[in-house]
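Architecture and fold: a report
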Amino acid sequence: ISKMANGICDNVIVATYLSARCPVFFAPAMDLDMWVHPATLQNVSKLTSYGNHLIPVGHGELASGLVGAGRMAEPENIVAYVNDFFEKEETPIKEKNILITAGPTYEDIDPVRYLGNRSSGKMGICIAEEAAIRGANVTLILGPTHLKVQHPKIKVISVRSAENMYQAANQHFKKNDVTIMAAAVADYRPKEIATQKVKKVEGNLKIELERTKDIAAELGRQKRKNQVNVGFALETNNELENAQKKLSKKNFDFIVLNSLQDKGAGFQHDTNKVTFVDSDNNRTEFELKSKKAVAADILDKVESYFI
């Protein structure tokens, strides 16, 4: 991996790689501590930035006796990954313009503190990468996150606040065929942002909040007949009822509902459990899956609008 990433051509494998003009896939295999070492991660990032395709490592027992990430993907999974890639070369969303929002927003209280939420942006990034694999032109509006986007053809617009995300989404919406609003956008922000750090005083501190702009509702008002808008609803109670209200109010074609009541779903997980509800009130429930698999399900549904 290091030699491929840095062009050190001292064996036939690297010579073949450096001469290749076709899609290149690589399936790492190593021990847990090696896999998470910054040098390895940097080289993997380099390879993906060149347009190569990472087949994710597996999780399980390793040769050292440790248990964790680092196992080479099973051969049948490698074959399936490559087959999926080429089967998606001609897809209903190939060359379609897709706008995706992802991650949290941070609403500043003062230069030190902010109001935020637990979103990592992982679900939205998975959707963006799956859409790019299927040949779409992807613009990802991404809130603050430590996660990195791997696919080199995704245009990333980094934002911080709900207002930043609103401005970016509003600017890019009209030229897109599909908009998927997976971001966890703050509903409220401090009315006044202190210019200096707020110091501790006796008694309680009161912060007046004001509503942020409703990005989904605004884009829903602008939606053209041939555009597809997809929303997300993360709920803790009355899940289906709340999702249906949001679906209608914000002019979504379908909404992806997930509940914090479901173990392994929601923020900061590698998995999610979702239900699709569309504008005809059709419901499709899925079992708990990896967020990559959920992303594929979402884009399968999106593609159905272009068949």
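Residues numbered from 1 in each chain as written. Predicted model: local features only at pLDDT ≥ 70, side-chain atom pairs only at ≥ 80, totals over all residues. Heavy atoms only, no water.

Okay, the pattern of salt bridges next. Under the definition given, this model contains 18 salt bridges. With its nearest N and O atoms 2.4 Å apart, the salt bridge here joins Lys-122 to Asp-270. Here the residue Lys-122 occupies a position in helix α6 (residues 122–133), and Asp-270 occupies one in the loop between β14 (254–259) and β15 (271–272), the gap between them amounting to 148 residues. Lys-122 gets classed as partly exposed once you look at its relative accessible area, which sits at 22%. Look at Asp-270 and you get exposed, because its relative accessible area is 53%. Linking Arg-189 and Glu-210 is a salt bridge whose minimum nitrogen-to-oxygen distance equals 3.0 Å. Residue Arg-189 is found in strand β11 (residues 188–190), and its partner Glu-210 is found in strand β12 (residues 209–211); the two are separated by 21 residues along the sequence. (Salt bridge = Lys/Arg side-chain N within 4 Å of Asp/Glu carboxyl O. Helix = DSSP H or I, 4+ residues; strand = E, 2+ residues; numbered from the N terminus. Buried < 20%, exposed > 50% of the residue type's maximum accessible area, 1.4 Å probe, protein only.)

Counted by the stated rule, this structure contains zero disulfides. You can see Cys-9 has no disulfide; the closest cysteine sulfur is in Cys-22, sitting 15 Å from it. You can call Cys-9 partly exposed: its relative accessible area is 45%. (Disulfide = S-S within 2.5 Å.)

A separate point is the sheet that holds strand β13 (residues 228–235). Spatial ordering of the open sheet is given by β9-β8-β5-β10-β13-β14-β16-β17, a layout of eight strands whose pairing is mixed. The open sheet has two edge strands with one neighbour each: β9 (155–158) and β17 (283–285). Sheet twist, expressed as the average angle between the axes of neighbouring strands with direction ignored, equals 15 degrees. As paired elements, β14 and strand β16 (residues 274–278) share five bridges and run antiparallel to each other. When the bridges of β16 are listed, Asn-258 appears paired with Val-274. Relative to the sheet, helix α10 (residues 291–303) contacts β10 (178–181), β13, β14 and β16, its axis offset from that of β16 by approximately 15 degrees. (Pairing = 2+ DSSP bridges. Axes fitted to C-alpha atoms, helices over the stretch in contact; angles between N-to-C directions. Contact = heavy atoms within 4.5 Å.)

Below, the discussion takes up the pairing of β16. Counting buried positions along β16 yields five of five residues, so the element is predominantly enclosed. The alternating pattern of β16 places Val-274, Phe-276 and Asp-278 and Thr-275 and Val-277 on opposite faces, both of which are buried. Here three bridges tie β16 to β17, and the two strands are oriented antiparallel to one another. Counterpart to Thr-275 in the pairing with β17 is Glu-285. In this structure, the hairpin formed by β16 and β17 is closed by a connection of four residues, where Asn-281 is found at a positive phi of approximately 65 degrees.

This part covers the packing of aromatic side chains. Taken as a whole, this structure holds five aromatic pairs when the rule is applied. Taking 3.9 Å as the distance between ring centres and 20 degrees as the angle between the ring planes, the aromatic pair formed by Tyr-106 and Tyr-114 counts as stacked. Judged by centre distance (6.1 Å) and plane angle (5 degrees), the rings of Phe-254 and Tyr-305 are stacked. Of the two residues, Phe-254 sits in strand β14 while Tyr-305 sits in the segment after α10, which places them 51 residues apart along the sequence. The partly exposed category is assigned to Tyr-305, whose relative accessible area is 31%. Taken together, the aromatic side chains of Phe-254, Phe-276, Phe-286 and Tyr-305 make up a single cluster linked through ring pairs. For Arg-211, the ring lying beneath its charged end belongs to Tyr-188, and the centroid distance is 5.7 Å. Residue placement shows Lys-301 over the ring face of Phe-254; its charged tip is 5.7 Å from the ring centre. (Phe/Tyr/Trp six-rings, centres within 6.5 Å; stacked < 30°, edge-to-face > 60°. Lys NZ or Arg CZ within 6 Å of the ring centre and 35° of its normal.)

Ranked by internal contacts, the top residues of the largest apolar core, which has 32 residues, are Ile-127, Ile-180 and Ile-298. Looking at this core, the elements with two or more residues in it are β5 (97–102), α6, β8 (137–142), β10, β13, β14, β16 and α10. Looking at this core element by element, the count peaks at seven residues for α6. Each residue touching Ile-127, except ones within four places of it in the same chain, is listed here: Ile-100, Ile-180, Ala-182, Phe-232, Ala-295, Ile-298 and Leu-299. Counting residues in hydrophobic clusters, the runner-up holds 21 residues, among them Ala-168, Leu-219, Leu-247 and Ile-255. (Core = buried A, V, L, I, M, F, W, Y, C linked by side-chain atoms within 4.5 Å.)

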